[in-house]
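Residue-level structure breakdown
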Amino acid sequence: MAHMGDLNTVADVVITAHDVIEEHGTHEMKAMIRMLLLTIGREIAQSGGLAKVSQALRRDEIE
């Protein structure tokens, strides 16, 4: 995934899906959505996304 905004959009959608699946899904669905969330989190971390979020939060605290 090349663009950080795209990855964040994917993360947002999967988090929403996770909420629904946790409430209504089968055990297998729950395991799969958790693995997908883990994979997305790792991708964000590898792309430096966590550092970017942290920097943005610090800028907001200063302003």
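The preceding data block contains the structure.
In this report, the structure presented in the accompanying data block is examined. The structure displayed is predicted, hence computed values, not measured ones. (Residues numbered from 1 in each chain as written. Predicted model: local features only at pLDDT ≥ 70, side-chain atom pairs only at ≥ 80, totals over all residues. Heavy atoms only, no water.)

**Quick word on the environment of I44**
- For I44, the location among the structural elements is in helix α2 (residues 27-46).
- Residues I44 and A11, spaced 33 residues apart in sequence, show a C-alpha to C-alpha distance of 9.1 Å. (Helix = DSSP H or I, 4+ residues; strand = E, 2+ residues; numbered from the N terminus.)

**What about the nonpolar core?**
- Counting residues in each nonpolar core, the largest one holds 7 residues, listed as L7, A11, V14, I21, I33, I40 and I44.
- Contributing elements (two or more residues each) for this core: α1 (4-24) and α2.
- No other element matches α1, which puts 4 residues into this core.
- Discounting chain neighbours no more than four positions away, the residues touching I33 are V14, A17, H18 and I21. (Core = buried A, V, L, I, M, F, W, Y, C linked by side-chain atoms within 4.5 Å. Buried < 20%, exposed > 50% of the residue type's maximum accessible area, 1.4 Å probe, protein only. Contact = heavy atoms within 4.5 Å.)

**Brief notes about the pattern of salt bridges**
- Within this structure, the stated rule accounts for 1 salt bridge.
- A salt bridge links R34 to E22, with the shortest nitrogen-to-oxygen separation between them at 2.9 Å. With R34 in helix α2 and E22 in helix α1, the pair connects residues that are 12 residues apart, well separated along the chain.
- Residue R34 is classed as partly exposed on the basis of its relative accessible area, which comes to 44%.
- The class for E22 is partly exposed, based on a relative accessible area of 25%. (Salt bridge = Lys/Arg side-chain N within 4 Å of Asp/Glu carboxyl O.)

Don't take any of this as a statement about function, it's just geometry.
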